[in-house]
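Listed here are the chains, written in short residue letters.
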Amino acid sequence: MSDRIHVATRKGLFTLERHSGAWAISRADFLADHVSMVLSDARHSTLYAALDHGHFGVKLHRSNGDGVWEECATPAYPEKPEDEDDKDMWGKPIPWSTVKIWALEAGGTDEPGVLWCGTIPGGLFRSDDGGTNWALVRTLWDHPKRKKWFGGGADLPGIHSICVDPRDARHIKLGVSCGGVWTSTDGGGSWNCEGEGMRAAFMPPDQMYDPNIQDPHRLVQCRARPERLWVQHHNGIFRSDDGGAHWEEITEAGPSVFGFAVVVHPREPDTAWFVPAIKDEKRIPVAGEVVVTRTRDGGRSFETLRNGLPQQHAYDLVYRHALDIDATGERLVFGSTTGNLWISEDQGDNWNCLSQHLPPIYSVRFG
Amino acid sequence: MVRVTFTPTLQRHIACPPVEVAAATVREALDAAFAGNARARTYVLDDQAALRKHMIIFVDGKRIVDRERLSDRVLENGEIYVLQALSGG
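Here the structure is a predicted model, which is why all the values come from computation and not from measurement.

Definitions and limits used
- Residues numbered from 1 in each chain as written.
- Chains lettered and ligands numbered in written order.
- Predicted model: local features only at pLDDT ≥ 70, side-chain atom pairs only at ≥ 80, totals over all residues.
- Heavy atoms only, no water.
- Helix = DSSP H or I, 4+ residues; strand = E, 2+ residues; numbered from the N terminus.
- Rg over C-alpha atoms; globule rule 2.2 N^0.38 Å.
- Buried < 20%, exposed > 50% of the residue type's maximum accessible area, 1.4 Å probe, protein only.
- Contact = heavy atoms within 4.5 Å.
- Areas by Shrake-Rupley, 256 points an atom, 1.4 Å probe, with all protein chains shown as cover.
- Lys, Arg positive; Asp, Glu negative; His and termini not counted.
- Charge placed at Lys NZ, Arg CZ, Asp CG, Glu CD.
- 1 Å grid on protein atoms, 1.4 Å probe; cavity = no way out; pocket = protein on both sides within 12 Å on 5 of 7 lines; lining within 4 Å.
- Points joined across faces, edges and corners; volume = space filled by probe spheres on them.
- Nonpolar A, V, L, I, M, F, W, Y, C, P; charged D, E, K, R; others polar.
- Pairing = 2+ DSSP bridges.
- Buried area = accessible area lost by both parts, 1.4 Å probe.
- Salt bridge = Lys/Arg side-chain N within 4 Å of Asp/Glu carboxyl O.
- Polar contact = N/O pair within 3.5 Å; in protein donor to acceptor, adjacent residues only side chain to side chain.
- Axes fitted to C-alpha atoms, helices over the stretch in contact; angles between N-to-C directions.

**Q** Could you clarify how one ought to interpret the overall build of chain A in this entry?
**A** Each helix and strand counted, chain A has one helix and 28 strands in total. Its C-alpha radius of gyration of 19 Å places chain A within 12% of the 21 Å reference for a compact globule of 367 residues. Projecting the C-alpha coordinates of chain A onto the three principal axes gives extents of approximately 60 × 50 × 40 Å. The buried share of chain A, taken over its 367 residues, is 59%. Look at the contacts in chain A between residues 6 or more apart in sequence, and 49% of them connect residues 24 or more apart. Surface accessibility of chain A: about 14,000 Å² in total, with carbon and sulfur atoms responsible for 48%. Averaging the positions of the 38 positive and the 51 negative side-chain charges in chain A gives two centres separated by 1 Å.

Quick look at the structure:
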């Protein structure tokens, strides 16, 4: 099991380590800076941290684990042509500039330098050298359907989920808010937006099932069976058994089907966890009770897990990247907007609070 | 020569001392200032080389008008301040 957790927050990057059965914060990096994303790349023990300096823009740093950080290149958009009239579905201009690093994932084990980065306003970037250089994936950026995307929660559309198939790293899936689930089977050479059955209640009836306007809050892929995908969507939970070609909506899942985060067990595709909240305009736990829901049968039934979690006047919201599961499938960790961080070492049956005093948490990663 | 001074808060992230450059516009002044400090450029300008949303530039005490092309004129012996705008929090 993984004995290290990286926690990206509004005021720094925190590392927790487990020694003699006890977890404690062992490092604090970028203290006071807004860390939007962290990636622990196990292929060569490199840690990446995406910073959002507000005034000074988005930056990317990397470390080889010795506590020494270096700023590497930030994914940057090419010069926008003078005659390019780039607007989203609502007619809002799309800036050709990185507003946020919203997804950061390692490529396959057979392509050690490859990183993928998803951004707001919707560009996907690839690095072949561990972040020293980045290139916008033009096949997706120039795709005519990209101009139907629009912001969900954020003002602008963005790529928040990147799944690289462990069997074949050329097979890549993206989750886009709002732009549905996109697939490439040739390493990003071409892209297709598919997803029959995914439903967007926020659209008029004739567009409700359009794959390209869906708002998947988070897309995850089972490592042992990559054709099994789970999506925590804006208006529910969806499961695919065929790599995203078809989706089944799950309409009952404990207190609510709304939320942002989802993880799937690395070997058991039917087992997945969610952190529910009251949907849309409220975004707080149902009845002020923080719970995790778990299915072990592909979504036919759910358990509501609450041992060790606050059950009175708790208003923690868990963002889409703030829930993680380790490679064994035994340990889970999640962090909240209120700065609480909880761990379970028994698949969610019991939870322990590791800190109640962290800044708002954006992303957690074992590694 | 034109003197370009950067906000002290930028120095926490990257060294960006005041410089004196030959320039007739804000663009020329910043290009010269960043010539030997390319990384600093990304802290002030966005991917399209426009002034970042929450940055502000004063030339001889007056806020610049052209935030995209940075075409505002600069006089000989002018003074440029590159600052944070409070709109950014």
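From this point, the narrative continues.
**Q** Would you take a moment to explain empty space enclosed by the protein for this structure?
**A** Empty space among the atoms becomes visible once a probe the size of a water molecule is rolled across them. Residues and elements named next belong to chain A. Overall, the coordinates contain two cavities of 30 Å³ or more when judged by the stated rule. Of the volumes computed, that of the largest cavity is approximately 40 Å³. Around the largest cavity, the lining residues are Val275, Pro276, Ala277, Pro285, Glu289, Val290, Val291, Asp316, Leu317 and Val318. Classifying every residue of the lining of the largest cavity by side-chain character gives eight nonpolar, no polar and two charged.

**Q** Is there a simple way to think about the pairing of strand S21 (residues 272–276) of chain A in this case?
**A** Along any regular strand the residues' side chains alternate between the sheet's two faces. Residue and element names in this part refer to chain A. With respect to burial, S21 is a largely interior element, five of its five residues being buried. Here S21 shows no split at all, with Ala272, Phe274 and Pro276 on one side and Trp273 and Val275 on the other all buried. Across four bridges, the pairing between strand S20 (residues 259–264) and S21 is antiparallel. Considered in S21, the bridge of glycine 259 is made with proline 276. Here three bridges tie S21 to strand S22 (residues 292–295), and the two strands are oriented antiparallel to one another. Bridge assignment links tryptophan 273 to a residue of S22, and that residue is arginine 294.

**Q** Would you mind going over the interface of chain A and chain B with me for this structure?
**A** Interfaces are often sized by the accessible area lost when the parts come together. Counting residues at the interface gives 18 residues for chain A and 19 residues for chain B. Here chain A and chain B share an interface that buries about 1,400 Å² over both sides, 45% of which is from carbon and sulfur atoms. Our count for the contact surface shared by chain A and chain B stands at three salt bridges. When the shortest N-O distance is used, the salt bridge between A:Glu71 and B:Arg39 registers 2.3 Å. At the junction of chain A and chain B, the tally comes to 13 residue pairs in polar contact (both at pLDDT 80 or more). Of the residues contributing to the side of chain A that touches chain B, the split by class is seven nonpolar, five polar and six charged.

**Q** Looking at this structure, I do not really get the sheet that holds strand S9 (residues 115–120) of chain A. What am I missing?
**A** Pairing between sheet strands relies on hydrogen bonds along the backbone, with the strands arranged either parallel or antiparallel. All names here are of chain A. Taken in spatial order, the four strands line up as S8-S9-S10-S11 in an open sheet, and their pairing is antiparallel. Strand pairing shows two members of the sheet lacking a second neighbour, strand S8 (100–106) and strand S11 (135–136), which therefore form its edges. With two bridges joining them, strand S10 (residues 124–127) and S11 adopt antiparallel strand pairing. When the bridges of S11 are listed, arginine 126 appears paired with alanine 135.

**Q** How should I be thinking about the sheet that holds strand S16 (residues 216–221) of chain A in this particular structure?
**A** All names here are of chain A. Taken together, the four strands give an open sheet; going across it, the order is S16-S17-S18-S19, and neighbouring strands pair in antiparallel fashion. This sheet does not close on itself; its edge strands, each paired only once, are S16 and strand S19 (248–250). Pairwise comparison of adjacent strand axes, ignoring direction, gives a mean angle of 25° for this sheet. Pairing of S16 with strand S17 (residues 229–233) involves five bridges; the strand directions are antiparallel. Looking at S17, one finds that valine 220 is bridged to tryptophan 230.

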